[in-house]
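# Structural overview
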Amino acid sequence: MHGNAVPDSYVYVTEEGVTRHYADGSVEALAWEDVVEVRVGGHVPADGDVFIVLLDGEGEGCVVPKSATDASFLTRLRYLPDFDLDRLSTAVESAHDEYVVVWRSPEPPAPLPDLEYD
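Read on for a plain summary of the structure. Keep in mind it's a predicted model, so treat the numbers as computed, not measured. (Residues numbered from 1 in each chain as written. Predicted model: local features only at pLDDT ≥ 70, side-chain atom pairs only at ≥ 80, totals over all residues. Heavy atoms only, no water.)

## A few points about the overall build of the protein chain
In terms of regular secondary structure, the protein chain is built from two helices and seven strands. Among the 118 residues that make up the protein chain, the fraction classed as buried is 30%. A separation threshold of at least 6 residues defines the contact pool for the protein chain, and within that pool the share at least 24 residues apart is 43%. Put simply, the protein chain shows about 8200 Å² of open surface, and 50% of that area lies on carbon and sulfur atoms. (Helix = DSSP H or I, 4+ residues; strand = E, 2+ residues; numbered from the N terminus. Buried < 20%, exposed > 50% of the residue type's maximum accessible area, 1.4 Å probe, protein only. Contact = heavy atoms within 4.5 Å. Areas by Shrake-Rupley, 256 points an atom, 1.4 Å probe, with all protein chains shown as cover.)

Listed below in structure tokens is the structure:
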């Protein structure tokens, strides 16, 4: 077979958030305003790609392969309070199987409301 292989996912970055569409039809999405942590690492495949993981306060998130990042993704990360692109770059260059937290929100997530049962 000739030509390029079909990528296993596509990543879209907007002013509102990040969305990753997988080849199997599943989708991960996270609004920028909900991001409370950014991690780098995970399983580094043979091709050397590294994963940048954005998480919300519930531990849900969006996994972005470094190969899918572009200037708009990096620019948008800079809007996170006190985000350090140099720290991200260092973590990407030295990534390994374990995740390294490169940013946490300076504001703790809002507590969940107490649920009342009748």
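## A few points about the environment of Pro81
Within the secondary structure, Pro81 is located in the loop between helix H1 (71-77) and helix H2 (85-93). We classify Pro81 as partly exposed; its relative accessible area is 41%. Separated by 22 residues in sequence, Pro81 and Trp103 have C-alpha atoms that sit 9.1 Å apart. Apart from residues no more than four positions distant in its own chain, Pro81 is found in contact with Trp103 and Pro106.

## Some thoughts on the sheet that holds strand S6 (residues 61-65)
Ordered in space as S6-S5-S4-S7, the four strands form an open sheet in which the pairing is antiparallel. What marks the edges here is a single partner per strand, and that holds for S6 and strand S7 (100-104). This sheet shows a mean twist of 20° between the axes of neighbouring strands, independent of strand direction. Across five bridges, the pairing between strand S5 (residues 51-55) and S6 is antiparallel. Within the sheet, the bridge partner assigned to Ile52 lies in S6 and is Val64. The strands touched by H2 within the sheet are strand S4 (37-41), S5 and S7, with S7 carrying the most contacts at an inclination of about 165°. (Pairing = 2+ DSSP bridges. Axes fitted to C-alpha atoms, helices over the stretch in contact; angles between N-to-C directions.)

## Structural notes on unusual backbone geometry
Located in the positive-phi region is Asp82, a residue other than glycine, with phi close to 60°. Residue placement: Asp82 occurs in the loop between H1 and H2.

## Remarks on the sheet that holds strand S2 (residues 17-22)
Across the sheet, which stays open at both edges, the three strands sit in the order S1-S2-S3 with antiparallel pairing between neighbours. The sheet terminates laterally at strand S1 (9-13) and strand S3 (27-31), the two strands that pair on one side only. The average angle at which neighbouring strand axes cross in this sheet is 10°, direction not considered. Sheet topology note: the S2/S3 ladder contains five bridges and is antiparallel. Bridge pairing in S3 links Arg20 to Glu28.

## Examining the side chain of Thr69
Examined against the element boundaries, Thr69 turns out to sit in the loop between S6 and H1. Here Lys66 takes part through its backbone oxygen, which lies 2.7 Å from a polar atom of the side chain of Thr69. When neighbours within four sequence positions are excluded, Thr69 is seen to be in contact with Ile52 and Val64. (Polar contact = N/O pair within 3.5 Å; in protein donor to acceptor, adjacent residues only side chain to side chain.)

## So, the nonpolar core
In this structure, Val38, Leu54 and Leu77 are the most contacted members of the largest nonpolar core, which totals 21 residues. Sorting the residues of this core by element identifies S4, S5, S6, H1, H2 and S7 as the ones contributing at least two each. Among the elements that make up this core, the one with the highest residue count is H2 (three residues). (Core = buried A, V, L, I, M, F, W, Y, C linked by side-chain atoms within 4.5 Å.)

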